[in-house]
Amino acid sequence: MSIDITNVTRTYHLPDKNVHAIRHVDLHIASHEFVCLLGPSGCGKSTLLKILSGLERPDEGTLEIDGTKVNGPGRERAVVFQDYALLPWRTVRENVAFPLELAHVSRKDREEKAQEYLKLVHLEKFADAYIHQLSGGMRQRVAIARALVQQPDILLMDEPFGALDAFTRMELQSELVKIWQAKRPTIVFVTHDIDEAIFLGDKVVIMTPNPGKVHSIVEIPVGKPRHRTGPDFNFYRDKVYKEFSLVNEYAVEYYI
Ligand SMILES: Nc1ncnc2c1ncn2[C@@H]1O[C@H](COP(=O)(O)OP(=O)(O)OP(=O)(O)O)[C@@H](O)[C@H]1O
Ligand SMILES: [Mg+2]
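Note that residues are indexed from 1 along each chain, following the sequence as it is written. All chains are assigned letters beginning with A, and all ligands numbers beginning with 1, in the order in which they are written. Given that this is a predicted model, residues contribute local features only at a pLDDT of at least 70 and side-chain atom pairs are listed and counted only at 80 or more, while totals for whole chains, interfaces and linings are drawn from all residues. Side-chain figures throughout are based on the complete set of non-hydrogen atoms in the structure, without hydrogens or water.

J.: Mind laying out the overall build of the chain, listing which residues take part and the relevant values?
T.: Per the convention used, a helix needs a DSSP run of H or I reaching at least four residues, while a strand needs a run of E reaching at least two, with both numbered from the N terminus. When you go through the chain residue by residue, the secondary structure sums to eight helices and ten strands. C-alpha atoms define the radius of gyration in this analysis, and the globule rule sets the expected value at 2.2 Å times the number of residues to the power 0.38. Relative to its length of 256 residues, the chain is compact, with a C-alpha radius of gyration of 19 Å against a globular reference of 18 Å. Along the longest, intermediate and shortest principal axes, the C-alpha atoms of the chain span 55 × 45 × 35 Å. Exposed residues in this analysis have more than 50% of their type's maximum accessible area, buried residues have under 20%, and partly exposed residues fall in between, with area computed by a 1.4 Å probe over protein chains only. Here the chain, with 256 residues, has 49% of them falling under the buried criterion. Residues are treated as being in contact if the distance between any of their heavy atoms lies within 4.5 Å. For the chain, the share of sequence-separated contacts (at least 6 apart) that also reach a separation of at least 24 residues comes to 68%. Only the protein chains shown count as cover for residues, and all accessible areas are computed by the Shrake-Rupley method using a 1.4 Å probe. In the structure as shown, the chain presents an accessible area of about 12700 Å², 51% of it carried by carbon and sulfur atoms.

J.: Tell me what's going on with the UniProt feature "domain: ABC transporter" (unreviewed entry) in the chain, and back it up with residues and numbers.
T.: The UniProt feature table records "domain: ABC transporter" (unreviewed entry) at residues 3–234. The span residues 3–234 is 33% helix and 28% strand, and its two end C-alpha atoms sit 29 Å from each other. UniProt positions are given in the numbering used here, feature names are shortened, and annotations may be inferred rather than shown by experiment.

J.: Tell me about the sheet that holds strand 8 (residues 186–191), residues and numbers included.
T.: Think of it this way: DSSP has to see at least two bridges between two strands before they count as a pair. Strand order in the open sheet formed by six strands is 6-7-8-3-9-10, with mixed pairing between adjacent strands. The open sheet has two edge strands with one neighbour each: strand 6 (77–80) and strand 10 (213–219). When the angles between neighbouring strand axes are averaged without regard to direction, this sheet yields 20°. Here helix 4 (residues 136–148) sits on the sheet and contacts strand 6 and strand 7 (154–158); the angle it forms with strand 6, its principal contact strand, is near 175°. To get an axis, fit a line to the C-alpha atoms, keeping to the stretch in contact for a helix; angles then go from 0 to 180 degrees between the N-to-C directions. Packing of helix 5 (residues 166–183) onto the sheet brings it into contact with strand 3 (34–38), strand 7 and strand 8, and relative to strand 8 it is tilted by some 160°.

J.: Any details on the sheet that holds strand 4 (residues 60–65)? Residues and values, ideally.
T.: Pairing is antiparallel in the open sheet, where four strands are placed in the order 2-1-4-5. Every interior strand has two partners, whereas the edge strands, strand 2 (18–29) and strand 5 (68–69), have only one. Both strand 4 and strand 5 contribute to a ladder of two bridges, which runs antiparallel. In the sheet register, Ile65 faces strand 5, and the bridge partner there is Thr68.

In structure tokens form, the structure reads like this:
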């Protein structure tokens, strides 16, 4: 499904000031596209993702999904957050099946579907474990399986790998690419890691703060999975660094 964000603005009113979390943001995301929102802390990435999820309303502007205006959450969208948001008193299988339970799916179908998606994230052997028995990377796989079990057309991810070590992170990035190739959801993925954005994104949306806005968009027409040390990767890496150096004179020294 496609997403159209038109002139979206969200301001938080604090007692002493107004924070322009995002201002006049326009963005088109095509069906099946993998888009990364990239930018420094405070540039409004999470605010924009929450607006896309329907958990937050814009002050101004519109959100359209497949050309239809939406004002709240919907079954076609699922969200994965950085902190997993899993239920500790439930097993891995029960966590993954939870959205199906909310949708009144029968126990048998729930368990079958949960098993299918646990397999997809290579956790079928841990179906009966509890969350505290899992590593951070495994927890994040559970959160991804729980989002996918809803068979969303749109997957919204807010720094899902932010808390993981570099190796687990690369492994999950590769797996996410495989899942995207198999299921073809539209993905909007928030990150402040340039390499992560270049490894994953068909399009990297570069955002800047104060007020939060889209600075530019870098298209990456390179097939996936991508080679992290290949010439294509380095070409786009250089391009994205240069975009940041246009908005921050220290960025070149800072990032390189
Ligand atoms: N509920 C809120 N109340 C007041 N201000 C908020 C609220 N949520 C976000 N903000 C402010 O809006 C701005 C954008 O926040 P947001 O969380 O969208 O940034 P971000 O790009 O996701 O940052 P990070 O990379 O640190 O997660 C920040 O200045 C933040 O302090
Ligand atoms: Mg954030």
